[in-house]
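If you want the building blocks of each chain, they are given just below.
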Amino acid sequence: MADHTSQDYFSCTLCHSLLRDPVAIPCGHSFCMDCISGYWNEADYTGIYICPQCKITFTQRPVLRPNATLSMVAEKIKKSGLNLNVSPSQVNNYAGSSDIACDFCSGKKLKALKSCLNCLASYCEKHLKPHYESATFKRHKLTDPLENMDRKICPQHQKSLELFCRTDQMCICAICTVSEHRGHDIVSAEAERSEKQKLLGISTAEIKQKSQERVKELEELKTAVDSLKNSAQRAMLESQKMFEDMIRSIERMRSEVTKLIGINEKAAFNQAEALIERLEQEIDELKKKESGLKQLYSTEDHIHFLQNFNYLCTPTEDALIPRVSVNPDFSFGGVRKAVAEIKDRLEEFGREELLKISKSVNEVPVYTTESRTLERRSRGRDLAMTTVDNAPAPEPRTRADFLKYFCQLKLDPSTAYKELYISESSRKVIRTRELQPYSDNPERFDSFAQVLCREALSGGRFYWEIEWNGEFSIGVAYKSISRKGKGSLCLLGYNDKSWSLLCSDTGYSAWHNRVDKAVNGPHSPRLGVYLDHTAGVLAFYSIYSSTMTLLHRFETTFVEPIYPGFGVGTSVKICNPK
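Throughout this description, residue numbers start from 1 for each chain and increase along the sequence as written. Thresholds applied to this predicted model are a pLDDT of at least 70 for local features of residues and 80 or more for the giving and counting of side-chain atom pairs; totals over whole chains, interfaces and linings are not thresholded and use all residues. Excluding hydrogens and water, the side-chain values take into account all heavy atoms of the structure.

Let's talk about the overall build of the protein
Under the scheme used here, helices are H or I runs from DSSP no shorter than 4 residues and strands are E runs no shorter than 2 residues, and both carry numbers assigned from the N terminus. When helices and strands are counted, the protein shows 8 helices and 24 strands. Each residue is placed in one exposure class: buried if its accessible area under a 1.4 Å probe, protein chains only, is under 20% of its type's maximum, exposed if it is over 50%, and partly exposed if it falls in between. A buried classification covers 31% of the 578 residues belonging to the protein. Carbon and sulfur atoms form 54% of the exposed surface of the protein, whose accessible area is close to 37,500 Å². Per-residue and other accessible areas were derived by the Shrake-Rupley procedure at a 1.4 Å probe size, with only the shown protein chains allowed to occlude residues.

Set out below in structure tokens:
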């Protein structure tokens, strides 16, 4: 318990070793003088100083004063032989798959505590000691563990990247200044960092503003969705009620027609029933007379015959019973026809009104979307220009016209072949002989030195320019272009998903779907590409100053968004307009 307590009080939380030249900061925590000074040196560019232990922030860098008492106690503990440099949890300090390992451990490696920007290596607690104890390493700059320290090495000359080429916007070594970047605008990495650091505030403000705009858009969209739900529910309830009213109205009509048919049926039946009864009575009387006449005819009694003759032979009075004749044209067919007409008219009216309802709902968009510009330009203009009458703008002719559609492009490292080195600005790519530490993913070209840009271009006009060195190809491709294998279908222009211009010192050739066409035109280290995605136009231009010469023009139909891409021989750079 005593060792653990001593370790808590007399170990520096930055180097995890016994305090050396201990100093206390205003929040009460103590650190080695060199450790806290180095830690805060890295924060000088922000002007915000944080306690590494309790995370309290100081807006001004505190003045460090040696703690004599704590220094004396730490010295006595050191002389007593107590080992405070071994953490109780050292068994958990071995580097895992997600940790940065010490470059100097043999066998099973420990986690790195610091990385040295001068040595370009990472160190565990044990191997870090010389950097604190030896005067040789006093000027070395330590930082929190960093991955890919080999990215600090120039891929061409295997020297430390210490300088920055403003002309090509990339980090370089000292040898680069007398070779590939000779005569360029070159400054130290620290000086360029200082300049770019000033832009962080602007970028932060822009990102914050964009974030606030997106939050506002999200809230408005959620409010609109809630309003849409409420509107839909109200419409369904009211429509249901009105349809129920219509159903009740139809039921009333059905009831009235049924009642009308019933009344007429009953009246006709009652009338016929009375006539039937009277006719039946008359038939009975006639039958009785007929029987009496037969008996009278056969009697031999003369007196009986004469007495009954007048009665039986007197004819029945026909006027007392009306003659009944049934109208052969009478039926309820008229009713059936009228109801059928109502049904047909109702269905026709329903179809017409339902069509109107469908149009009123479908033709009014619930949401309208506007494409955002690929990158905010300094003069605040959109990439695509539209005229007041929405008629297509005339195709550009001069370089000034083309530059109206200029768009910023960034290379996508996730698509780059592993021998392609992309600068930090993501605008220049160099073919190297060494494999870059790219991870494997489905988007990467694994057999050809090609790379695509991040931006998907669609539904407008776009223009970009490049500078090139060595044989290369420039073109565009659908996202679905093949990326894997050594087949030629992965090459730009060798399939139906891409179009390209192959460029070399001896000339040009245009390629699409394995069909090539020789192109005549002046050789130029700077090329321009114009795309009208809507019109299906892709054109390549050779550029001298402000003069542009058309090299080749594809006219097709683009059915997907397309991505600019390059096949790299030596180097390709995406340019800013001049």
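Continuing now.
Considerations on the packing of helix H5 (residues 189-298) against helix H6 (residues 302-313)
Axis angles are defined between N-to-C directions and span 0 to 180 degrees, where every axis is a line fitted to C-alpha atoms and, for a helix, only to the segment in contact. Close contact between H5 and H6 brings their axes to 10 Å; oriented N to C, the two are set at 155°. Judged on the interaxial angle alone, H6 and H5 are roughly antiparallel. For the pair H5 and H6, the crossing hand works out as left-handed. Where H5 approaches H6, its residues Lys289, Gly292, Leu293 and Leu296 are matched on the opposing element by His304, Phe305, Asn308, Phe309, Tyr311, Leu312 and Cys313. Note on angle classes: values under 35 degrees are labelled roughly parallel, values over 145 roughly antiparallel, values of 65 to 115 roughly perpendicular, and the remainder oblique. Working rule for handedness: look at the near helix, and if it is turned counterclockwise from the far one by less than a right angle, call the crossing left-handed; if clockwise, right-handed. Contact criterion: two residues are considered in contact whenever any of their non-hydrogen atoms come within 4.5 Å of each other.

Let's talk about a nonpolar patch on the surface
Within the patch definition used here, like charges are joined within 9 Å and nonpolar side chains (Val, Leu, Ile, Met, Phe, Trp, Tyr) within 5 Å, considering only residues with over 30% relative accessible area and no salt bridge. Criterion for a salt bridge: a side-chain nitrogen of Lys or Arg within 4 Å of a carboxyl oxygen of Asp or Glu. Judged by side-chain polarity, Phe305, Leu306 and Phe309 come together as a nonpolar surface patch covering roughly 280 Å² of accessible area. Counting through the fold element by element, Leu306 comes out in helix H6.

A look at H5
A helix is expected to reach a length of 1.5 Å times the quantity of its residues less one. Taking 1.5 Å per residue, 110 residues should reach 164 Å; H5 reaches 153 Å between its end C-alpha atoms and fits that length. The largest bend in H5 is about 25°, located at Leu199. Taken residue by residue, H5 has Glu192, Gln197, Glu282, Gly292 and Leu296 as its buried positions. Buried residues in H5 make contact with strand S9 (163-165), strand S11 (186-188) and H6. Bending is quantified residue by residue as the angle between axes fitted to the seven-residue window ending at that residue and the seven-residue window starting at it.

Focus: the nonpolar core
Taken as a class, soluble globular proteins show a tendency for nonpolar side chains to be buried jointly. One finds Trp464, Ile466, Ile474 and Phe566 to be the most contacted residues of the largest nonpolar core, which totals 40 residues. Residues contacting Trp464, with those up to four places away along its chain left out, are Phe406, Cys407, Leu409, Leu457, Ile474, Val476, Leu527, Gly528, Val529, Leu531 and Pro564. Residues belong to one nonpolar core when they are buried, are Ala, Val, Leu, Ile, Met, Phe, Trp, Tyr or Cys, and are joined through side-chain atoms within 4.5 Å.

Brief notes about helix H2 (residues 33-41)
When we look at burial in H2, the residues that qualify are Cys35, Ile36, Ser37 and Trp40. Residues of H2 that are buried sit in contact with strand S1 (22-24), strand S2 (30-32), strand S3 (49-50), strand S4 (57-58) and helix H4 (125-133).

Concerning the pairing of strand S20 (residues 526-532)
In terms of burial, S20 is largely enclosed, as 7 of its 7 residues are buried. The side-chain alternation of S20 yields two buried faces, one formed by Arg526, Gly528, Tyr530 and Asp532 and the other by Leu527, Val529 and Leu531. In the sheet, S20 pairs with strand S21 (residues 537-544) via 6 bridges, with the strands oriented antiparallel. Within S21, the residue paired with Asp532 across the bridge is Val537. Strand pairing is assigned whenever DSSP detects at least two bridges linking the two strands. What sits between the antiparallel neighbours S20 and S21 is a turn of 4 residues, in which Gly536 has the positive phi angle 75°.

Quick look at the pattern of salt bridges
Opposite charge on two side chains permits pairing when their charged atoms draw close. Under the counting rule described, the total for this entry stands at 22 salt bridges. Across the salt bridge formed by Arg248 and Asp245, the nearest N and O atoms sit 2.1 Å from each other. Highlighted residues: Arg248 and Asp245, both in helix H5, separated by 3 residues, approximately one helical turn. Overall, Arg248 belongs to the partly exposed group, its relative accessible area being 43%. In this structure, Glu467 engages Arg526 in a salt bridge whose closest nitrogen and oxygen atoms are separated by 2.8 Å. With Glu467 in strand S15 (residues 461-469) and Arg526 in strand S20, the pair connects residues that are 59 residues apart, well separated along the chain. For Glu467, a relative accessible area of 30% translates into the label partly exposed. In the salt-bridge network here, residues are joined through shared partners; they are Arg399, Glu465, Glu467 and Arg526.

Considerations on the sheet that holds S2
Taken in spatial order, the 3 strands line up as S2-S1-S5 in an open sheet, and their pairing is antiparallel. A strand with exactly one partner marks an edge of an open sheet, and here the two such strands are S2 and strand S5 (65-66). When S1 meets S5, the two strands line up antiparallel, connected through 2 bridges. Paired with Val23 across the strands is Pro66, a residue of S5. Sheet contacts for H2: S1 and S2; angle to S2, the most-contacted strand, approximately 90°.

Things to note about the packing of aromatic side chains
Any Phe, Tyr or Trp ring, taking Trp's six-membered ring, that has another such ring centre within 6.5 Å forms a pair; planes under 30 degrees apart are called stacked, those over 60 apart edge-to-face, and the others tilted. Scanning the model with the defined rule gives 12 aromatic pairs in all. On the basis of an interplanar angle of 80° and a centroid distance of 6.3 Å, the ring pair of Phe540 and Phe554 is categorised as edge-to-face. A residue pair is termed long-range when its members are at least 10 positions apart, and Phe540 in strand S21 and Phe554 in strand S22 (residues 547-555) qualify at 14 residues. Each of the two residues, Phe540 as well as Phe554, counts as buried.

As for the side chain of Asn441
Within the secondary structure, Asn441 is located in the loop between strand S13 (428-431) and strand S14 (450-452). Owing to a relative accessible area of 18%, Asn441 belongs among the buried residues under this scheme. Two N or O atoms form a polar contact when they lie within 3.5 Å of each other; inside protein one atom must be a possible hydrogen donor and the other a possible acceptor, and for residues adjacent in sequence the pair counts only when both atoms belong to side chains. For Asn441, the side chain forms a polar contact with the main-chain nitrogen of Glu443, separated by 2.8 Å. Residue contacts for Asn441: discarding those within four places in its chain leaves Ser414 and Lys484.

Description of a negative patch on the surface
Side chains of Glu273, Glu277, Glu280, Asp284 and Glu285 sit close together on the surface and give a patch of like negative charge. Following the sequence through the fold, Glu280 ends up in helix H5. When its relative accessible area of 47% is taken as the criterion, Glu280 is described as partly exposed. Under the convention used here, Asp and Glu are negative, Lys and Arg are positive, and both His and the chain ends fall outside the count. By convention, the point assigned to a charge is CZ for Arg, NZ for Lys, CD for Glu and CG for Asp.

Considering unusual backbone geometry
With a phi close to 55°, Leu120 is a non-glycine residue in the positive phi region. With respect to the secondary-structure elements, Leu120 resides in the loop between strand S6 (114-116) and strand S7 (121-123). Positive phi values are uncommon outside glycine, yet Gln169 reaches one of about 55°. Here Gln169 shows up in the loop between S9 and strand S10 (170-172).

Side note on the confidence of the model for the protein
When the pLDDT values of the protein are averaged, the result is 82; 86% of them are 70 or greater. As a per-residue quantity, pLDDT reports the predictor's confidence and falls between 0 and 100. In the predicted structure, residues 373-389 sits below a pLDDT of 50 and forms 28 contacts with residues beyond four places in sequence or in another chain.

Focus: the sheet that holds strand S16 (residues 472-478)
Across the sheet, 6 strands lie side by side as S14-S23-S16-S17-S18-S19; this open sheet has antiparallel pairing. Across the chains shown, the open sheet's two edge strands, defined by having one partner strand only, are S14 and strand S19 (515-519). On average, adjacent strands in this sheet sit at an angle of 20° to one another, irrespective of strand direction.

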